[in-house]
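Working through the structure, step by step
Next come the chains, spelled out residue by residue.
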Amino acid sequence: MALKRAFPAPKSATFKEQQRHRLMLPAVLIGMLTGGLSVGFHLCIDAGEALRNHLIGLAHAGALWGIVALSLLVFSAVVISAEVVRWLAPEAAGSGIPHLKAILQGQGSFRYWRVLPVKFISTLIGSTGGLVLGREGPSVHMGSAIGQAFADRLSHWKSADRSILVAAGGGAGLAAAFNAPLSGLVFVLEELERQCASLEFFAAAIACLAADMLCRLMLGQHPEFHVVVSGAPPLNLLIAFVPVGILSSLLGNLFTRALLWGQRLPRLALGPKMVFWGFLAGAITLTGWVNPELLGGGQNFVNRVLQGGETFSLQTIALFFLIRFVLTIGSASSGAAGGFFMPILVIGALLGWGLGEAAHAVFPALHVDAKLFAVVGMAAFFSAVVKAPLTGIILIIEMTANYALILPLLIACFSALFIADWLGSPPIYDALSRMNLANNPKA
């Protein structure tokens, strides 16, 4: 009631205008709170990553004892991050987007007072320990938790209006994570609400704008990836992006199937689960020992690649792709909180980068820019796995500030989508949401 009194609708307004006026202030507040939380989350994850790299450096100085100590620390982080979720808020496991989708469909309950702190703490511990998970999915889930908190305070509103606030909070979380307000808005309409009603659009737009403005004020104007692409590729090169979409769909289907299979692992008995955690911790430790940048979300590594700061052979790129592919699935199957939105983009970047380097080696006269293929690969792999091509396309455009990429993005993303449909690959968040409901029908 206080919010309604603070922002009353004019008496002369139509019913739809009154609804928009009523949503305005809650949407702004949700966006600002989500943006502020995302800034703190971002800084904590960065501090955890710096601590992890420092510990890896100390471990190198200790040789054998160093790698043993590092393995124990990683194993402890994996176990704690997973068990915190299992004991306090099982619905906070993973990215949380499947749980959010179920809530918006009227299935299950949203214990936001538990989800929000558990999500923050588990993701931070797991990320510091080296789990290959991102902060973007958790930002969406925590933003929606803030939206749910507002919705619960407005109990006199219709349930449809309250769900609008929950979805708006989720979109604000994505906008804040990437400094990409249009991507957050499209994600709400394409993946969460799956409708383009004016009120959903309005509330999500306001929340995304408020969150993005606050993040830009506190963290700077730059997007998550700082990509420099020379310009639009020539028309005779556009056909080369079809293989990017095809290979993205084939490997994306494998990724989806493997990830869905891996969701059985958190439900194992304690003994087998400890064995799995041990293998995962060992793989993370070995990877961090050799190349620490391959752990965590992977933003810094891909940033250097896209800015031309890294040069590797095609075989090394393929090895990096395999490592990130396996560790992402293993980390997402650990039971800890953490998303795979960013890891999907990193895998796609490595795939596109490899194809670009291969094309340059086979057809040197074309002067192929491998960074361009890496950028397109991010959106194509995302489209194949999530099946939200518009979100992927707009996200890459916002990250590069280069609208000249629209043609290669459209070609690669819709090629990936069509082949993924033909293969019967399900949208990953929909499949996970159905799986969670089947395993927890009373949740």
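As named in an unreviewed UniProt entry, the protein chain is Cl-channel voltage-gated family protein, taken from Methylomonas methanica. Taken verbatim from the UniProt record of the protein chain, the Subcellular location (unreviewed entry) comment is "Membrane".

Next up on the list: the overall build of the protein chain. Assigned secondary structure in the protein chain consists of 18 helices and zero strands. Residues classed as buried in the protein chain amount to 56% of the 443 residues present. Sequence-distant contacts, at least 24 apart, represent 82% of the contacts inside the protein chain between residues at least 6 apart. As presented, the protein chain carries roughly 17,900 Å² of accessible surface, and 69% of it is formed by carbon and sulfur atoms.

Before going further, it helps to spend a moment on the packing of helix H8 (residues 181–192) against helix H16 (residues 389–400). Any two packed helices are characterised by the angle at which their axes cross and by the distance between the axes. Contact geometry of H8 with H16 gives a least axis separation of 8 Å together with a crossing angle of 180 degrees. The angle between H8 and H16 falls in the class roughly antiparallel. On H16, the residues that touch Pro 181, Leu 182, Ser 183, Val 186, Phe 187 and Glu 190 of H8 are Pro 389, Leu 390, Thr 391, Ile 394, Leu 395 and Glu 398. For the contact of H8 with H16, the residue count by class is eight nonpolar, two polar and two charged.

With twelve residues, H16 extends 17 Å from end C-alpha to end C-alpha; this agrees with the ideal 16 Å at 1.5 Å per step. Among the twelve residues of H16, ten are classified as buried, and the element is accordingly described as predominantly covered. The complete set of buried residues in H16 reads Pro 389, Thr 391, Gly 392, Ile 393, Leu 395, Ile 396, Ile 397, Glu 398, Met 399 and Thr 400. Ala 401 occupies a position one or two residues after H16 and carries a positive phi of about 55 degrees.

Right, let's talk about the packing of aromatic side chains for a bit. Scanning the entire structure with this criterion turns up 14 aromatic pairs. Aromatic side chains Phe 312 and Trp 353 sit 6.0 Å apart centroid to centroid with 75 degrees between the ring planes, which places their arrangement in the edge-to-face category. Here Phe 312, found in the loop between helix H12 (299–306) and helix H13 (314–332), pairs with Trp 353, found in helix H14 (residues 341–362); they are 41 residues apart in sequence, far enough to count as distant. Judged by centre distance (5.7 Å) and plane angle (40 degrees), the ring pair of Phe 321 and Phe 325 falls under tilted. Here the residue Phe 321 and the residue Phe 325 both occupy positions in helix H13, the gap between them amounting to four residues, near one helical turn. In this structure Phe 321 comes out as buried when scored by relative accessible area, which is 14%. Site record: aromatic cluster; members linked through ring pairs are Phe 178, Phe 187, Phe 341 and Phe 382.

The next thing to look at is unusual backbone geometry. Most of the time, phi is negative for any residue but glycine, and the peptide bond is trans. Residues other than glycine seldom take positive phi values, yet Asn 179 does so here, at roughly 55 degrees. Along the polypeptide, Asn 179 turns up in the loop between helix H7 (159–178) and H8. Owing to a relative accessible area of 7%, Asn 179 belongs among the buried residues under this scheme.

Before going further, it helps to examine the packing of helix H11 (residues 270–290) against H13. Packing of H11 against H13 brings their axes to within 11 Å, and their N-to-C directions diverge by 145 degrees. Relative to H13, H11 is oriented so that their crossing is left-handed. Counting all contacts with H11, which are made through Phe 276, Leu 280, Ala 283, Ile 284 and Thr 287, the residues of H13 involved are Ile 323, Leu 327, Gly 330 and Ser 331. Residue composition of the contact of H11 with H13, grouped by class: six nonpolar, three polar and no charged.

It is worth spelling out the pattern of salt bridges at this point. Overall, the coordinates contain six salt bridges when judged by the stated rule. For Arg 86, the salt bridge goes to Glu 83, with nearest N and O atoms at 2.8 Å. On the criterion of helical spacing, the pair formed by Arg 86 and Glu 83 is a turn pair, its members being three residues apart in helix H3 (residues 63–88). For Lys 101, the salt bridge identified is with Asp 430, shortest N-O distance 2.9 Å. One end of the pair, Lys 101, is in helix H4 (residues 97–104); the other, Asp 430, is in helix H18 (residues 428–439), with 329 residues separating them in the sequence.

Rules of the game
- Residues numbered from 1 in each chain as written.
- Predicted model: local features only at pLDDT ≥ 70, side-chain atom pairs only at ≥ 80, totals over all residues.
- Heavy atoms only, no water.
- UniProt positions renumbered as here; feature names shortened; annotations may be inferred.
- Helix = DSSP H or I, 4+ residues; strand = E, 2+ residues; numbered from the N terminus.
- Buried < 20%, exposed > 50% of the residue type's maximum accessible area, 1.4 Å probe, protein only.
- Contact = heavy atoms within 4.5 Å.
- Areas by Shrake-Rupley, 256 points an atom, 1.4 Å probe, with all protein chains shown as cover.
- Axes fitted to C-alpha atoms, helices over the stretch in contact; angles between N-to-C directions.
- Parallel < 35°, antiparallel > 145°, perpendicular 65-115°, else oblique.
- Nonpolar A, V, L, I, M, F, W, Y, C, P; charged D, E, K, R; others polar.
- Expected span 1.5 Å × (residues − 1).
- Phe/Tyr/Trp six-rings, centres within 6.5 Å; stacked < 30°, edge-to-face > 60°.
- Left-handed = near helix turned anticlockwise from the far one by under 90°.
- Salt bridge = Lys/Arg side-chain N within 4 Å of Asp/Glu carboxyl O.

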